[in-house]
Amino acid sequence: MRRLLAAAMSFSLIAGAASADNLMFEYYATLSPKDTFNSKGQPLNDVCAIVQQDRANVHRFGNPDGERPDSFFNTTTRRGMIAGKCDYDRNHHTVDRIRSQIIGFVLVRVYGSGGSVTRVQILEAAG
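Throughout what follows, the structure given in this document is the object of discussion. (Residues numbered from 1 in each chain as written. Predicted model: local features only at pLDDT ≥ 70, side-chain atom pairs only at ≥ 80, totals over all residues. Heavy atoms only, no water.)

### Some thoughts on the state of the cysteines
Then step 1. All chains considered together, the criterion is met by 1 disulfide.
Then step 2. The residue that forms a disulfide with Cys-48 is Cys-86, at a sulfur-sulfur distance of 2.3 Å. Separated by 38 residues along the polypeptide, Cys-48 in helix H2 (residues 47-59) and Cys-86 in strand E2 (residues 86-87) bring together distant segments of the chain.
Then step 3. Judged by relative accessible area, which is 5%, Cys-48 ranks as buried. (Disulfide = S-S within 2.5 Å. Helix = DSSP H or I, 4+ residues; strand = E, 2+ residues; numbered from the N terminus. Buried < 20%, exposed > 50% of the residue type's maximum accessible area, 1.4 Å probe, protein only.)

This is the structure we're talking about:
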């Protein structure tokens, strides 16, 4: 009986963890060299910071790349949820590739639940 109870509790913990990482929404973005500098002109060397800046550029600064705005990252607080949560191929010098415009068009998938972001997946997309 104890083993059955332990197995049931273990399964519920796994199921709970999986449900916390639900796909909330996705959008396409153009990460350009403009997005690799913050609002004060300082270079950004972190992919999460570049994605955050891209969303700031879309929502606050006139959308320089002509992207469609998403309906979630429209506040500074929500854009702050991106920090440290990016999932991308770290073996391809992603920041340098964005700066040199080798990477530009990406699919961004935002995971989480209840308005909280748990993971931001960035995938190269065909433009």
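### So, the sheet that holds strand E1 (residues 22-30)
Sheets are built from strands that pair by backbone hydrogen bonding, the pairs being arranged parallel or antiparallel.
Then step 1. Taken in spatial order, the 4 strands make up an open sheet running E1-E3-E4-E2, and their pairing is mixed. Edge positions in the sheet fall to E1 and E2, since each has one partner strand and no second.
Then step 2. As defined by bridge partners, E1 adjoins strand E3 (residues 105-113) across 8 bridges and the pair is classed as antiparallel. Paired with Ala-29 across the two strands is Val-106, which belongs to E3. (Pairing = 2+ DSSP bridges.)

Structural measurements only, silent on function.
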